[in-house]
Amino acid sequence: GDSVTQMEGPVTLSEEAFLTINCTYTATGYPSLFWYVQYPGEGLQLLLKATKADDKGSNKGFEATYRKETTSFHLEKGSVQVSDSAVYFCALSGETSGSRLTFGEGTQLTVNP
Amino acid sequence: GAVVSQHPSRVICKSGTSVKIECRSLDFQATTMFWYRQFPKKSLMLMATSNEGSKATYEQGVEKDKFLINHASLTLSTLTVTSAHPEDSSFYICSASLQGPNYGYTFGSGTRLTVV
């Protein structure tokens, strides 16, 4: 079945540091890939997505590129801020309309001033 | 656009009582809704998938008689935790799938259930 393996946390960085959170996946066909962010006590917010190979999703300074050859969708940001502190989830959905999302385990990011 | 409104955000109930959680799609029609449960510092665990007008499909190990899901309209899905017990205390989140150019999933803000 489909699966997502995400970099273990927690990750602690200083403000303005470079961020990478690794995500690899196993799926049949051509899944869509997502990064979601969850702030304490809240639901999930879509950060970015990519629906086909070589697509780059970007939002709020975050980027991730859909790499089919390495089955990866690593999240990056060049300069993190304290407000980026949250839990980040990598996820994929299958090709079928209405398919469920398969989540990674989540990575807790803490950014210190 | 594509907002899912989830209520209540927090609820405390006594053991043995039932609690209903509502998720409404405000500006789109949610054909498919997903219900998740999240334990502290853990990922989301899919409980069930509901399609409007059909019975929900429950994941293995989820008691369908305990977690009643109703998706009677394209804008409303409800999860009722029946005869709640302290072990049902958790964070519950709904999500709707989006089709077309906005393909993806939008999530409710979650409900923190505490059973005392």
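Since the structure is predicted, the reported quantities are computational estimates derived from the model, not experimental observations.

Colleague: Go over the environment of Ser9(B) with me, naming the residues and quoting the values.
Modeller: Residue and element names in this part refer to chain B. With respect to the element layout, Ser-9 can be found in the loop between β1 (4-7) and β2 (10-13). Taking C-alpha positions, Ser-9 is 14 Å from Thr-78, a pair spaced 69 residues apart along the chain. If sequence neighbours within four positions are ignored, Ser-9 has contacts with Gly-110, Thr-111 and Arg-112.

Colleague: How would you sum up the side chain of Ser43(B)? Please name residues and give values.
Modeller: Tracing the sequence through the fold places Ser43(B) in the loop between β4 (32-38) and β5 (44-51). Here the side chain of Ser43(B) touches Gly104(A) through a polar contact of 2.7 Å, landing on its backbone oxygen. Residues within four places of Ser43(B) in sequence aside, it is in contact with Phe89(A), Phe103(A), Gly104(A), Glu105(A), Arg37(B) and Gln38(B).

Colleague: Account for the state of the cysteines, naming residues and giving values.
Modeller: All names here are of chain A. Considering all chains together, one arrives at 2 disulfides over all chains under this definition. Two residues share a disulfide in this structure: Cys-23 and Cys-90, whose sulfurs sit 1.9 Å from each other. Across the S-S bond of Cys-23 and Cys-90 the torsion is about -70°, and the bridge reads as left-handed. A residue pair is termed long-range when its members are at least 10 positions apart, and Cys-23 in strand β4 (residues 23-26) and Cys-90 in strand β10 (residues 86-93) qualify at 67 residues.

Colleague: Provide a residue-level description of the layout of surface pockets, including the pertinent values.
Modeller: Empty space within the largest pocket amounts to approximately 480 Å³. In this structure, the largest pocket is lined by 22 residues; those nearest its centre are Gln38(A), Val87(A), Gln108(A), Lys41(B) and Lys42(B). Those elements that provide at least two residues to the lining of the largest pocket are β10 and β12 (107-112) of chain A. With 3 residues, β10(A) is the largest single contributor of residues to the lining of the largest pocket. Classifying every residue of the lining of the largest pocket by side-chain character gives 9 nonpolar, 8 polar and 5 charged. Of the voids in this model, the second largest pocket is the one considered here, and its volume is about 240 Å³.

Colleague: Help me get a handle on the sheet that holds strand β8 (residues 76-81) of chain B, residues and values and all.
Modeller: All names here are of chain B. Within the open sheet, the 4 strands sit side by side as β1-β3-β8-β7. Their pairing is antiparallel. Two strands lie at the open edges of the sheet, namely β1 and β7 (67-73), each paired on one side alone. Sheet twist, expressed as the mean angle between neighbouring strand axes with direction ignored, is 15°. Pairing geometry for β1 and strand β3 (residues 19-25), over 4 bridges, is antiparallel. Counted as the bridge partner of His-7 is Glu-22 from β3.

Colleague: I'd love a proper account of the sheet that holds strand β3 (residues 19-21) of chain A, names of residues and values included.
Modeller: Sheet strands line up and pair through hydrogen bonds in the backbone, either parallel or antiparallel. All names here are of chain A. With antiparallel pairing, the 4 strands of this open sheet are ordered in space as β3-β9-β8-β7. Edge positions in the open sheet fall to β3 and β7 (56-59), since each of these has one partner strand only. Direction aside, neighbouring strands of the sheet carry axes that sit 15° apart on average. Note: strand β8 (residues 62-65) against strand β9 (residues 75-77), 3 bridges, orientation antiparallel. When the bridges of β9 are listed, Ala-64 appears paired with Leu-75.

Colleague: Any details on the interface of chain A and chain B? Residues and values, ideally.
Modeller: Listed per partner, the contact involves 21 residues of chain A and 22 residues of chain B. Run the count over chain A and chain B and you get 1 salt bridge. Across the salt bridge formed by Glu59(B) and Arg100(A), the nearest N and O atoms sit 2.7 Å from each other. One can count 5 residue pairs in polar contact (both at pLDDT 80 or more) joining chain A with chain B. Going through the elements one at a time, β5 (32-38), β6 (44-50), β10 and β11 (101-103) of chain A are the ones with two or more residues in the side of chain A that touches chain B. For the side of chain A that touches chain B, the class distribution of residues is 6 nonpolar, 11 polar and 4 charged.

Colleague: Lay out the side chain of Thr107(A) with the relevant residues and their values.
Modeller: Residues and elements named next belong to chain A. By the element assignment, Thr-107 lies in strand β12. Among the residues examined, Thr-107 registers a relative accessible area of 0% and is labelled buried. Looking at Thr-107, its side chain comes within polar contact range of the side chain of Gln-6, at 3.1 Å. Beyond its immediate sequence surroundings of up to four residues, Thr-107 is in contact with Gln-6, Met-7, Gly-9, Val-11, Ile-21, Ala-86, Val-87 and Tyr-88.

The rules behind each value
Residues numbered from 1 in each chain as written. Chains lettered and ligands numbered in written order. Predicted model: local features only at pLDDT ≥ 70, side-chain atom pairs only at ≥ 80, totals over all residues. Heavy atoms only, no water. Helix = DSSP H or I, 4+ residues; strand = E, 2+ residues; numbered from the N terminus. Contact = heavy atoms within 4.5 Å. Polar contact = N/O pair within 3.5 Å; in protein donor to acceptor, adjacent residues only side chain to side chain. Disulfide = S-S within 2.5 Å. 1 Å grid on protein atoms, 1.4 Å probe; cavity = no way out; pocket = protein on both sides within 12 Å on 5 of 7 lines; lining within 4 Å. Points joined across faces, edges and corners; volume = space filled by probe spheres on them. Nonpolar A, V, L, I, M, F, W, Y, C, P; charged D, E, K, R; others polar. Pairing = 2+ DSSP bridges. Axes fitted to C-alpha atoms, helices over the stretch in contact; angles between N-to-C directions. Salt bridge = Lys/Arg side-chain N within 4 Å of Asp/Glu carboxyl O. Buried < 20%, exposed > 50% of the residue type's maximum accessible area, 1.4 Å probe, protein only.

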